[in-house]
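# Summary of the model geometry
Take a look at the letters that make up each chain.
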Amino acid sequence: MTLSVYMPESPFDLDKNEIKKAVKAIMNGRIKPEHINNLEIALFYPQMDDKSWHQILDGRGASKAYQDKIYSEPMVRLLTLQALLIPKFLPDFLIWMQTAPKPDDCWESCHKLQASILAEDQKNTPSLPFLPRNINDGIYSLLSRLITTPKSSPLDSKIKHKLRGLVHDKVYIPQLVKATQSLLNEKQGLWSQFYRVYFANDLADALSQIPDLWQPGIITDYSEEKAEFLTHLQPFWKDPRKTDKKYLPLAQLFEELNFPHFATIFYQISTGNVPRNIFSQVSPRSGVKKGILFKMTLIRQKGWGDHLHSALDAGIDFVTENLILRMVIGLLLVGGIGLTTRGIISLIANQSNKALEAIRDEKIATVTAESKSQQTSKTDTNNPETLTDISDENKERFHRTNEAIKAMTTNLTPDITQLETEDKNRIGIREDVHNNKEYIVLFCVRKILGLDQNLQYGDIGKDNERWQEFSDAIRKYQEAKGANTPDGVIDEGGRTQKWLEEDIRNQCLNPPDGG
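Quick look at the structure, then. (Residues numbered from 1 in each chain as written. Predicted model: local features only at pLDDT ≥ 70, side-chain atom pairs only at ≥ 80, totals over all residues. Heavy atoms only, no water.)

### With respect to the overall build of the protein
Along its length, the protein carries 23 helices and five strands. Every one of the 515 residues in the protein was classed for burial, and the buried ones make up 50%. Sequence-distant contacts, at least 24 apart, represent 68% of the contacts inside the protein between residues at least 6 apart. Surface accessibility of the protein: about 25,000 Å² in total, with carbon and sulfur atoms responsible for 49%. (Helix = DSSP H or I, 4+ residues; strand = E, 2+ residues; numbered from the N terminus. Buried < 20%, exposed > 50% of the residue type's maximum accessible area, 1.4 Å probe, protein only. Contact = heavy atoms within 4.5 Å. Areas by Shrake-Rupley, 256 points an atom, 1.4 Å probe, with all protein chains shown as cover.)

In structure tokens, the structure reads:
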């Protein structure tokens, strides 16, 4: 479904004084249907370009607030409005909020304004479509920014100082991914609602059309923001062997947003294959190693089981099945609209290998069981510097979490030291690690997060799937605690670390008998 645009037959006159009144009222928290209506009418007119909007918004102090980092509530509302009216500004706005002294306060003001605009806009009959169009373009602008290094701006030097000089490489992109997740996950948010109602459909249509986009004239039919994003993607359909790691943030973003069909595309583009847990979400049949989605060939990431097959089935030529995946996109619409289906899954599989698969799966299960029974216990003191088989993005997230774990161990050492031997036994700590404070902290972390104690912490920093399991548990914990921006990472000195320390003291280090 392509976003349609309603064009009034007899548009109202463009009155810039009414536009200015609407901007002033909204930035001061006074939002009425006529204010939203006046902005949407203004968006109808081509002469209201970015320059014209900047002139009006700067009259209320938008540029000064952005450049001088003024985070008062009226200024946050004003720049939120600017991000709605000027789609290209959205990525800069999110980074501006993330680098505030108190980002959560900015997010709260931003979310309240979105909810108010959404409530008032729904009172319009009929509701004009131009804010949704801008929101759609803003999200495309966000995705483009996540895969490109922006040109320097006057704010860059201040951001670099705030983020210790690591803006565009190691910190800038994760910060923007985190902000994008928060923006698109907000239940009563403008961007999140229109993302699920319009954008997901629009992106699905666009991805399926990319192989035809090098025909003259097609890209010019799209908005500038959408055309820019699709132009970046064209080479990966022209040359399926081409990969680029800078697309990994998009894969992880869509995975976090629970859109695995988009995540598979960007994992394939960024790494040349798709993690097994993501691949299985779009391919319901086990054992499939390849598929076609949006006319792109997907390759499932190999695991230890794939390498084991050759040993178990020596001399047997395994025929890889081909699976054509026609997407089923369930769009979770806001307001109880329901779940809609955009396609039909068409499975074309080679049935001749069913018996072989059953035999092989039985062998794998047997070997796995034997391996687990023979595995010896290890302490959780692996050196993170030696970790290798994990993506750069997840390695950075693990490193942040590992630093927080070290800080927790230091902070909890007095509590652990006070425990008697029988207390540690009741908690479940093995006697051979009674003096290993880091092990005890990690034992409690797994317990609080509801993770299996057999999940080795060192393995979390080696493997994407193991990290994802650990990160998902952190995210659920953050959500249960009411975090505004759950990100699946424990940051040193952050709220998640403090919550965990408190729960470890009260729930883990406090023996069951209360002694």
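### Remarks on the state of the cysteines
Taken as a whole and assessed by the stated rule, the structure comprises one disulfide. Distance from the sulfur of Cys106, which forms no disulfide, to the nearest cysteine sulfur (Cys110) is 9.0 Å. (Disulfide = S-S within 2.5 Å.)

### Here's the deal with the packing of helix α18 (residues 392-417) against helix α22 (residues 464-480)
Packing of α18 against α22 leaves a shortest axis separation of 11 Å and a crossing angle of 50 degrees. When the axis of α18 is compared with that of α22, the two are oblique. In this structure, α18 meets α22 at a crossing whose hand is left-handed. Along its contact with α18, which presents Asn394, Arg397, Phe398 and Thr401, the element α22 presents Asn464, Trp467, Phe470, Ser471, Ile474 and Arg475. (Axes fitted to C-alpha atoms, helices over the stretch in contact; angles between N-to-C directions. Parallel < 35°, antiparallel > 145°, perpendicular 65-115°, else oblique. Left-handed = near helix turned anticlockwise from the far one by under 90°.)

### Quick word on the side chain of Thr409
Inspection of the secondary structure puts Thr409 in helix α18. Those residues in contact with Thr409 that sit more than four places away from it in its chain are Lys437, Glu438 and Val441.

### A look at helix α3 (residues 50-58)
Among the residues of α3, Ser52, Trp53, Ile56 and Leu57 are the ones counted as buried. Looking straight down α3, one finds that the buried residues subtend no more than 125 degrees of arc, so they occupy a single side. Residues of α3 that are exposed and angled more than 90 degrees away from the buried face: Lys51 and Gln55. Among the structural elements, α1 (16-27), α2 (33-44), α4 (62-67) and α5 (73-85) are those in contact with the buried residues of α3. (Arc of directions from axis to C-beta.)

### Remarks on the pattern of salt bridges
Under the criterion given, the structure shown has 22 salt bridges. A salt bridge links Asp104 to Arg495, with the nearest nitrogen and oxygen atoms 3.2 Å apart. In this pair, Asp104 sits in helix α7 (residues 103-121) while Arg495 sits in helix α23 (residues 495-508), placing the two residues 391 residues apart along the sequence. With a relative accessible area of 24%, Asp104 lands in the partly exposed category. According to the relative accessible area criterion, Arg495 is partly exposed, its value standing at 39%. For Asp487, the salt bridge identified is with Arg400, shortest N-O distance 3.9 Å. Here Arg400 lies in helix α18 and Asp487 lies in the loop between α22 and α23, a separation of 87 residues in the sequence. (Salt bridge = Lys/Arg side-chain N within 4 Å of Asp/Glu carboxyl O.)

### Looking at unusual backbone geometry
The backbone of Lys69 sits at a positive phi, close to 55 degrees, despite the residue not being glycine. Mapped onto the fold, Lys69 is located in the loop between α4 and α5. We note that Lys295 has phi near 65 degrees; this positive angle belongs to a residue other than glycine. Within the secondary structure, Lys295 is located in the loop between β1 (290-293) and β2 (296-299).

### Topic: a positive patch on the surface
A contiguous patch of positive charge on the surface is contributed by Lys24, Arg30, Lys32 and Arg60. In this fold, Arg60 is placed in the loop between α3 and α4. (Patch = residues over 30% accessible without salt bridge, like charges linked within 9 Å, V, L, I, M, F, W, Y side chains within 5 Å. Lys, Arg positive; Asp, Glu negative; His and termini not counted. Charge placed at Lys NZ, Arg CZ, Asp CG, Glu CD.)

### Considering α18
With 26 residues, α18 should reach 38 Å at 1.5 Å per residue; the first-to-last C-alpha distance of 36 Å fits that figure. The sharpest bend along α18 comes to roughly 45 degrees, located at Asn411, with the proline Pro414 sitting one to four residues further on. (Expected span 1.5 Å × (residues − 1). Bend = angle between axes of the 7 residues up to and from the residue.)

### Description of the packing of aromatic side chains
Applying the stated criterion across every chain yields a total of 22 aromatic pairs. The interplanar angle of 20 degrees and the centroid separation of 5.4 Å between the aromatic rings of Phe194 and Tyr198 together place this pair among those described as stacked. Of this pair, Phe194 and Tyr198 both sit in helix α11 (residues 190-209), four residues apart, roughly one helical turn. Taking the relative accessible area as the measure of exposure, Phe194 reaches 10% and is therefore buried. On the accessibility criterion, Tyr198 (25% relative accessible area) is partly exposed. Arranged with centres 5.7 Å apart and planes meeting at 15 degrees, the rings of Phe254 and Phe266 form a pair that is stacked. Remark: Phe266 occurs in helix α14 (residues 260-271) and Phe254 occurs in helix α13 (residues 248-256); sequence separation between them is twelve residues. When its relative accessible area of 1% is taken as the criterion, Phe254 is described as buried. The rings of Tyr140, Tyr195, Phe199, Phe229, Phe236, Tyr247, Phe254, Phe259, Phe262, Phe266 and Phe294 are connected pair by pair, giving a single aromatic cluster. (Phe/Tyr/Trp six-rings, centres within 6.5 Å; stacked < 30°, edge-to-face > 60°.)

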